[in-house]
Amino acid sequence: MIVMLTARRLKPGAWEQFRRAWDPGDARPPGFQRAYHARNIRDEDEVVSFGLFDMSKDDYRTWRSEADAQENQRVDRLSAFVENEYVSGVYEVVDVVDE
């Protein structure tokens, strides 16, 4: 399982524009399970976004090499609504804690 995660501060009032620009439409990476956007309850311009993907590190690397230009364009579009990006990365799930 792969998790793609980014924590950002949006430009004031830019949530709707950011959300539309973020959406990959039909160009979702393989193994897409779901994505979450979480807004800070004290500051709605602070957003953590993460997606869960049923893929290996090798699958991710293959997809990224094939979709690099398209994914970079999507990120460029949504970056117009971002004031600051605190952390961004692709992570491999190494432990799951259930109830």
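For the structure itself, consult the block above.
Reading the values: rules and limits
Residues numbered from 1 in each chain as written. Predicted model: local features only at pLDDT ≥ 70, side-chain atom pairs only at ≥ 80, totals over all residues. Heavy atoms only, no water. Phe/Tyr/Trp six-rings, centres within 6.5 Å; stacked < 30°, edge-to-face > 60°. Helix = DSSP H or I, 4+ residues; strand = E, 2+ residues; numbered from the N terminus. Buried < 20%, exposed > 50% of the residue type's maximum accessible area, 1.4 Å probe, protein only. Lys NZ or Arg CZ within 6 Å of the ring centre and 35° of its normal. Core = buried A, V, L, I, M, F, W, Y, C linked by side-chain atoms within 4.5 Å. Contact = heavy atoms within 4.5 Å. 1 Å grid on protein atoms, 1.4 Å probe; cavity = no way out; pocket = protein on both sides within 12 Å on 5 of 7 lines; lining within 4 Å. Points joined across faces, edges and corners; volume = space filled by probe spheres on them. Patch = residues over 30% accessible without salt bridge, like charges linked within 9 Å, V, L, I, M, F, W, Y side chains within 5 Å. Areas by Shrake-Rupley, 256 points an atom, 1.4 Å probe, with all protein chains shown as cover. Salt bridge = Lys/Arg side-chain N within 4 Å of Asp/Glu carboxyl O. Arc of directions from axis to C-beta.

Counted under the stated rule, the structure contains four aromatic pairs. Between Y36 and F50, the ring centres sit 5.0 Å apart and the planes meet at 25 degrees, which makes this aromatic pair stacked. Taken together, the residues Y36 in strand β2 (residues 32–40) and F50 in strand β3 (residues 43–53) connect sequence positions 14 residues apart. The partly exposed category is assigned to Y36, whose relative accessible area is 36%. Seen from their ring centres, Y60 and W63 are 5.8 Å apart, and the 50 degrees between their planes marks the pair as tilted. Highlighted residues: Y60 and W63, both in helix α2 (residues 57–79), separated by three residues, approximately one helical turn. Its relative accessible area of 16% is what places Y60 among the buried residues. Between the NZ or CZ atom of R74 and the centre of the ring of W22, over which it lies, the distance is 5.5 Å.

With that settled, consider the nonpolar core. Core analysis: the biggest nonpolar cluster contains eight residues, these being L10, W15, F18, A21, W22, V47, L78 and V82. A per-element tally of this core places helix α1 (residues 15–22) first, with four residues. The contacts of V47, once residues within four sequence positions are left out, are T6, A7, R8, L10, W15, H37, A38 and R39. Grouped together as the second largest cluster of nonpolar side chains are seven residues, M4, M55, Y60 and A67 included.

Here we take up the layout of surface pockets. The computed volume of the largest pocket comes to approximately 450 Å³. The wall of the largest pocket is formed by 25 residues, among which M4, T6, W22, E71 and R74 lie closest to the centre. Looking at the lining of the largest pocket, the elements with two or more residues in it are β1 (2–10), β2, β3, α2 and β4 (82–92).

On to a nonpolar patch on the surface. Residues Y86, V87 and Y91 make up a contiguous nonpolar surface patch of about 270 Å² in total accessible area. When you line up the elements, V87 lands in strand β4. On the basis of relative accessibility, which here comes to 37%, the residue V87 falls in the partly exposed class.

Right, let's get into α1. Taken together, the buried positions of α1 are occupied by W15, F18, A21 and W22. Mapping the buried residues of α1 onto a view down its axis gives an arc of 135 degrees, with all of them on the same face. Buried residues in α1 make contact with β1, β2, β3, α2 and β4.

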